Amino acid sequence: MRNSLPYTFRSGTGTVATPVSGDARVKLYFAPGACSLAPHIILREAGVRFSLERVDTRAKMTETGADFLAINPKGYVPVLMLDDGEIVTEGIVLQQLIADQNPQANLAPPRGSKERRKLEQWLVFLATEVHKAHIPLFWPGTPESARPLFIAKIGQRYDLIEKTLSDDRAYLTGETFTIADAYLFTLANWAQRVEMDLAKWPYLERYMQRVARRPAVEAAFEAEELKRPA
Ligand SMILES: N[C@@H](CCC(=O)N[C@@H](CS)C(=O)NCC(=O)O)C(=O)O
């Protein structure tokens, strides 16, 4: 069945929870290569101590046998469990929380600033226009005839991103890597999976290579047992 296992980009061998630090204060529930890769990269960029727990989003079970719906009734990753047990869901909320709690990492401008509003617009654009446009492509029941429509819509969004990157900026909002870059990288990394060729967007393609070389990204790929991007 086509794309019946949307987020297992490479079958992982790990079957136990993956402690990243012996003194982890927070836990990220993730599925390999899914949108949870964005907060995973951000946690590493921010130097946060955290642990990982893999989720089977179809079976709604975690790798330790926990009922995932009891952790997040919405049934999807990412989920961040804070050190006091608070459960936080919704990717762009997690991303901003990690950035705001670790301002030294410079992953988001201060709240209320003009620069922050620009970043927030990118985050919402990525969540609602790019991320969500991919989801039907992962559903096993999506008719073949509908796939080109979704792919064309994602392509339109990449056209805009390409135009933004075409002034040779290193990252989406300029020369500084932000949480929006972790998110865009995670989403555009699905291109092969949904049979899109990023060569059509050369600035985006080069951007992907640039972000892939960041140590935090390499470490996140290794921890999620993902195949390294080309
Ligand atoms: N609104 C959520 C959507 C998260 C989402 O789409 N998660 C996907 C992985 S990328 C998932 O876990 N899907 C499994 C499911 O919905 O059953 C967010 O932005 O965090």
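Above this text is the structure in question.
(A) Spatial organisation of the site of the ligand. Lining the immediate surroundings of the ligand are 13 residues, of which Ala34, Cys35, Thr57, Tyr76 and Gly91 lie closest. Taken together, the residues of the shell around the ligand sort by class into nine nonpolar, three polar and one charged.

(B) Focus on helix 3 (residues 91–101). Among all positions of helix 3, only Gly91, Ile92, Leu94, Gln95, Gln96, Ile98 and Ala99 are buried. Each element contacted by the buried residues of helix 3 is listed here: helix 1 (37–46), strand 5 (79–81), strand 6 (87–89), helix 4 (114–138) and helix 6 (179–188).

(C) Representation of the pairing of strand 2 (residues 26–30) in the model. Strand 2 sits mainly inside the fold: five of its five residues count as buried. The alternating pattern of strand 2 places Val26, Leu28 and Phe30 on one face and Lys27 and Tyr29 on the opposite face, and all of these are buried. Across five bridges, the pairing between strand 2 and strand 3 (residues 50–56) is parallel. Following the sheet pairing, Phe30 is matched in strand 3 by Arg54. The parallel pair strand 2 and strand 3 is bridged by helix 1, and the resulting crossover is right-handed. With three bridges joining them, strand 2 and strand 5 adopt antiparallel strand pairing. Looking at strand 5, one finds that Lys27 is bridged to Met81.

What counts and what doesn't
- Residues numbered from 1 in each chain as written.
- Predicted model: local features only at pLDDT ≥ 70, side-chain atom pairs only at ≥ 80, totals over all residues.
- Near = placed C-beta within 6 Å.
- Nonpolar A, V, L, I, M, F, W, Y, C, P; charged D, E, K, R; others polar.
- Buried ≥ 20, exposed ≤ 12 C-beta atoms within 10 Å, placed from the backbone.
- Helix = DSSP H or I, 4+ residues; strand = E, 2+ residues; numbered from the N terminus.
- Contact = placed C-beta atoms within 7 Å.
- Pairing = 2+ DSSP bridges.
- Right-handed = clockwise from strand over helix to strand, strands pointing away.

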